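Descriptive structure summary
Listed below are the residues making up each chain.
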Amino acid sequence: GIPITDIISTFFALFSLYLYSKEKYFLAGLITGVAFLLRFPQGLILASLGIIALYDTRNGEVLLWIKDASKRLLTIFSGFLVLGTPYFLSNYFFYGNVLKPLVVGSDIVGYGCIYFYNFGPWYYVKELWSTAPLLFFSLFAPAVLIFKKNDNESQKNLIAILITTIVFTTYFFWQCHKELRFSIAFVPYLAFLSGVAFSFLIKIFHYKKILVFLSTAMFYIFSVFLIYK
């Protein structure tokens, strides 16, 4: 009886990141608004896009960087406000507070910290290890940036995914109310990074035996964890 918007909101967050990579900044901001309205924590994608924009526009001249970054940030935020402004104004009209639903939602989530869902800071690490251990190849993703010569666009996209992953995991790991379904918000980014890292490791070693060894090792660890969980 409860509408769950985890998956569809994650889709729109990913879509906004894709639009940003295609330099469609206004549309990226607009779709970010859709993701946010479907599920408030997906508004984190707006923060991610802001950090990515600051990174992408950096150059040797501070004033030029400020100008370019400001222009891009305003374009993204303008897109977000197309949907965000009517929503916040309606909150003020109905509740007398533009942030009322966000505050109430935060309070509701906070109740879980007291009762059923306070599982500690390593909850997602343990649960994802037992359900999708291959996601932990994402830990090797930074090595791809260091040791592999990527073209500029590929490197920018990889950095964008890394930034988004850090933003989302920091928030959900910090929240004391934890549910495995919440990880849907950041698992796609981990999966992307894992795929990139896994492909990179295979190319480095050039041996199919490495693939067999890694797969066997992961399966063994996964099985042991399930037995003793």
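Note: the structure precedes this text.
Residues numbered from 1 in each chain as written. Predicted model: local features only at pLDDT ≥ 70, side-chain atom pairs only at ≥ 80, totals over all residues. Heavy atoms only, no water.

Y20, F168, F172, F186 and Y189 are the most contacted members of the largest nonpolar core, which totals 42 residues. Those elements giving two or more residues to this core turn out to be α1 (6-21), α2 (25-38), α3 (44-56), α4 (62-95), α6 (123-131), α7 (141-147), α8 (152-174) and α9 (187-205). The leading source of residues in this core is α8, at 9 residues. Y189 has contacts with A13, L14, L17, I45, I161, T164, T165 and F168, leaving out every residue within four places of it along the chain. (Core = buried A, V, L, I, M, F, W, Y, C linked by side-chain atoms within 4.5 Å. Buried < 20%, exposed > 50% of the residue type's maximum accessible area, 1.4 Å probe, protein only. Helix = DSSP H or I, 4+ residues; strand = E, 2+ residues; numbered from the N terminus. Contact = heavy atoms within 4.5 Å.)

Right, let's talk about α3 for a bit. A rise of 1.5 Å per residue sets the reference length of α3, with its 13 residues, at 18 Å; its end C-alpha atoms lie 18 Å apart and thus fit the reference within 8%. Along α3, the residues classified as buried are L44, I45, L46, S48, L49, G50, I52, A53 and D56. (Expected span 1.5 Å × (residues − 1).)

Using the criterion set out here, one finds 4 salt bridges in the structure. Its salt-bridge partner being D6, residue R39 comes within 3.7 Å of it at the nearest N-O pair. Pair noted here: R39 is in the loop between α2 and α3 and D6 is in helix α1, with a separation of 33 residues, a long-range link. As far as the burial class goes, R39 and D6 line up, both buried. Via salt bridges that share partners, D6, R39, E179 and R181 belong to a single interconnected network. (Salt bridge = Lys/Arg side-chain N within 4 Å of Asp/Glu carboxyl O.)

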